[in-house]
Amino acid sequence: MKDERAFRKELEETLQLNNNTETEPFRQQFHLTPPKGLLNDPNGLIQWRGIYHVFFQWMPFKTGHGSKWWGHATTKDWVNWELLPPALAPVQDFEKNGCYSGSAVVRDGLLQLFYTGNVKDEYGNRSSYQCLAVSEDGVHFEKLGPVISQPERYTAHFRDPKVWYEAGSWWLVIGAQRDDKEGHVLIYRSRDLRKWEFLGPLAGKGVTLSESFGFMWECPDFFELDGMRVLLVSPQGLEKESYQYQNQYQTGVFTGSFDSENATFSHGSFQEMDKGFEFYAPQTFEDEHGRRLLLGWMGVPDQQEDMHPTIKDGWVHCLTMPRELLHLQNGKIAQQPLKEWKQLRGAQQSKDIHVTAETVEWTEWKAIVAEINIEVEEGKSWTISWRDYLTMSFDAEYGVFTLERPDLISGEPAFRTSRIEEIHSLRCYFDRSSAEIFINDGEHVATSRLFPRKQEAKLRCKTHESIMFQVDAWELHSFQWSG
Ligand code: FRU
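Residues numbered from 1 in each chain as written. Predicted model: local features only at pLDDT ≥ 70, side-chain atom pairs only at ≥ 80, totals over all residues. Heavy atoms only, no water.

## What to know about the overall build of the chain
So, point 1. Of the regular secondary structure elements, the chain holds one helix and 35 strands.
So, point 2. A compact globule built from 483 residues would reach a C-alpha radius of gyration of about 23 Å, and the chain, at 22 Å, matches this within 12%.
So, point 3. For the C-alpha atoms alone, the extent of the chain along its principal axes is close to 65 × 50 × 45 Å.
So, point 4. Here the chain holds 483 residues, and the buried ones make up 58% of them.
So, point 5. Residue pairs at least 24 apart in sequence account for 59% of intrachain contacts in the chain once pairs closer than 6 positions are excluded.
So, point 6. Carbon and sulfur atoms make up 45% of the accessible area of the chain, which amounts to about 19,900 Å² in all.
So, point 7. In the chain, 51 side chains carry a positive charge and 71 a negative one; their mean positions are 3 Å apart. (Helix = DSSP H or I, 4+ residues; strand = E, 2+ residues; numbered from the N terminus. Rg over C-alpha atoms; globule rule 2.2 N^0.38 Å. Buried < 20%, exposed > 50% of the residue type's maximum accessible area, 1.4 Å probe, protein only. Contact = heavy atoms within 4.5 Å. Areas by Shrake-Rupley, 256 points an atom, 1.4 Å probe, with all protein chains shown as cover. Lys, Arg positive; Asp, Glu negative; His and termini not counted. Charge placed at Lys NZ, Arg CZ, Asp CG, Glu CD.)

As structure tokens, this is what we get:
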């Protein structure tokens, strides 16, 4: 076992080296970003006693993956933030190679974190333990050790417990790999959060699917959204297709209904959740206003991660903005930015941009960190580019939306192409090194990092026909940090 105090001292020293946020061109302003090191999945999302807790997978000492910690930040309003001491450090034998992803619930006045203890032996063989840590103050956590061990017929790819309360019981879903290398989600039930009964697989090949659907399902979440049951999951190993599954690994939902008596789920086909380059391992929670909120990792494992130019500044990756999930009448799920984001709005400008078979640049617009809402005429094809780096285009004839940016290795154009029948609006949130584009009021979302060399806010619109773009734009202020 490592000495936790020495660990934390090393961390304090590392963080002190990092006070040049102003000079870093890609340092995010309204996204949760690690002060140093690598960040991946959001963990333990919860609102407790009015305070939103956002934990995250964190490698504080290097910009690569490894023995993860749980970083910890809190906010009351999504604008003023506090960075707290890391909640979990990988110091015990049952977690020595990482306190992997998990979730939070409150019971008996305690904040209770469920996470995966990742352990590798000297030959690289993995074991996984599902562990519990509790806190009275939401800052300091006491580890109670493993509460669930690996079931028979499953490999050690068994991680990311998500816990919730429903119908008089505690429930837990977890990502797993069956021993024939099929991705599954498993479900458990408990009365007291300590003793867990294994109820079997909830979804996957041979359970709810007849065909194989990836070799591992990571970060499951299972919740009710306005009468509809949703299994949110990040499957690994789907084959790339013309209009979907274009990232290294995917994230999406199965929707249907849950029979809690028999712990069974019936569902329709998988719907991918994002149309951009970076979106993975999201988690949701219900806040004290009854909203179902989602945050994701704005990164994808094994996808050009070591090519991010922020690595030379000592950090890599960030979380997405929080989004509210809504159940639409057509059975789909929309993601919308929180109304709290209006607090970040600064100076505003509006413009009607009329384009006739040419390229028009909005030269008056100067802010790189901005919200830009664009209403477009339906039935027309167009291209909109941002900072000469990211291009969104719509082909009305074929109903195809394309996002383009330079490949992070070759610099050649790279594409993410998806089907969208019609586009009437784009709500774009641009941070220094990211774009989140909410299409048609969040019916579709495209999330991507961007790393333009020039610090110029260039918005350009192009079409081959006559078309009007109505644009409303705001400069956005930064998060305020303390702690
Ligand atoms: C998803 C994931 C999880 C795991 C964590 C480790 O990105 O691979 O399955 O718990 O990251 O950091």
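More follows now that the structure is in view.
## Thoughts on the sheet that holds strand E29 (residues 413–419)
So, point 1. What the six strands build is an open sheet, ordered E24-E33-E26-E27-E28-E29; its pairing is antiparallel. With partners counted over all chains shown, the strands left at the sheet margins are strand E24 (359–361) and E29, one partner each. Across the sheet, the mean angle separating the axes of adjacent strands is 15° when strand polarity is ignored.
So, point 2. As paired elements, strand E28 (residues 400–406) and E29 share seven bridges and run antiparallel to each other. Along E29, the bridge assignment pairs Leu403 with Arg416. (Pairing = 2+ DSSP bridges. Axes fitted to C-alpha atoms, helices over the stretch in contact; angles between N-to-C directions.)

## Points about the nonpolar core
So, point 1. Judged by nonpolar contacts, the single largest core of 79 residues is most densely connected at Trp78, Ile372, Trp382, Met392, Leu426, Ile437 and Phe469.
So, point 2. The element contributing the most residues to this core is strand E34 (residues 466–476), with five residues.
So, point 3. The contact partners of Leu426, leaving out residues within four places of it in the chain, are Ile372, Asn373, Ile374, Trp382, Ile384, Met392, Ile437, Phe438 and Ile439.
So, point 4. Ranked by size, the runner-up nonpolar core spans 20 residues in total, among them Ile187, Val233, Leu238 and Phe265. (Core = buried A, V, L, I, M, F, W, Y, C linked by side-chain atoms within 4.5 Å.)

## Overview of the site of the ligand
So, point 1. Near the ligand you find Asn40, Asp41, Gln57, Lys68, Tyr100, Ser101, Arg159, Asp160, Glu218, Tyr280 and Trp297, and these make up its full shell.
So, point 2. Asn40 is positioned such that a nitrogen or oxygen atom in its side chain is 3.0 Å from an oxygen atom of the ligand.
So, point 3. In the model, an oxygen atom of the ligand is placed 2.7 Å from a nitrogen or oxygen of the Asp41 side chain.
So, point 4. Contact with the protein chains hides 92% of the accessible area of the ligand, taken as 320 Å² for the molecule alone.
So, point 5. Here the shell around the ligand is composed, by residue class, of three nonpolar, three polar and five charged. (Near = heavy atom within 4 Å. Polar contact = N/O pair within 3.5 Å; in protein donor to acceptor, adjacent residues only side chain to side chain. Nonpolar A, V, L, I, M, F, W, Y, C, P; charged D, E, K, R; others polar.)

## With respect to the sheet that holds strand E8 (residues 142–148)
So, point 1. Read from one edge of the open sheet, four strands run E5-E6-E7-E8, paired in antiparallel fashion. Each edge of the sheet is formed by a strand with only one pairing partner; in this case those strands are strand E5 (99–107) and E8. Neighbouring strand axes in the sheet, compared pairwise and without regard to direction, differ in orientation by 30° on average.
So, point 2. In the sheet, strand E7 (residues 126–135) pairs with E8 via five bridges, with the strands oriented antiparallel. What sits directly across from Val134, in E8, is Glu142.

## Side note on the packing of aromatic side chains
So, point 1. Evaluated as defined, the whole model comprises 35 aromatic pairs.
So, point 2. Measuring from ring centre to ring centre gives 5.1 Å for Trp81 and Phe479, while their planes differ by 35°; the resulting arrangement is tilted. Linking Trp81 in strand E4 (residues 80–88) with Phe479 in the loop between E34 and strand E35 (480–482), this pair joins segments that are 398 residues apart in sequence. The two residues Trp81 and Phe479 agree in class, both being buried.
So, point 3. Counting every residue linked through ring pairs, the aromatic cluster contains Phe30, Tyr52, Trp78, Trp81, Phe285, Trp341, Phe479 and Trp481.
So, point 4. Here the basic side chain of Arg419 rests over the ring of Tyr243, its NZ or CZ set 4.6 Å away from the ring centre. (Phe/Tyr/Trp six-rings, centres within 6.5 Å; stacked < 30°, edge-to-face > 60°. Lys NZ or Arg CZ within 6 Å of the ring centre and 35° of its normal.)

## Concerning the pattern of salt bridges
So, point 1. Per the stated rule, a full pass over the model turns up 23 salt bridges.
So, point 2. The salt bridge involving Arg107 is made with Asp108; its shortest N-O contact spans 3.6 Å.
So, point 3. According to the relative accessible area criterion, Arg107 is partly exposed, its value standing at 24%. (Salt bridge = Lys/Arg side-chain N within 4 Å of Asp/Glu carboxyl O.)

## What about unusual backbone geometry?
Among all residues save glycine, negative phi is the norm, and among peptide bonds the norm is trans.
So, point 1. Of note, His317 is a non-glycine position whose phi angle comes to about 80°, a positive value.
So, point 2. Judged by its relative accessible area of 1%, His317 falls in the buried class.
So, point 3. Positioned with a positive phi, Asp441 is a non-glycine residue whose angle comes to about 55°.

## Points about the environment of Lys62
So, point 1. Locating Lys62 in the fold gives a position in the loop between strand E2 (51–59) and strand E3 (69–75).
So, point 2. Taking the C-alpha atoms as reference points, Lys62 and Leu38, 24 residues apart in sequence, are found 6.5 Å from one another.
So, point 3. With sequence-adjacent residues up to four places away left out, Lys62 is seen in contact with Gly37 and Leu38.
So, point 4. Within the local environment of Lys62, its side chain forms a polar contact with the backbone oxygen of His65, the two atoms lying 3.0 Å apart.

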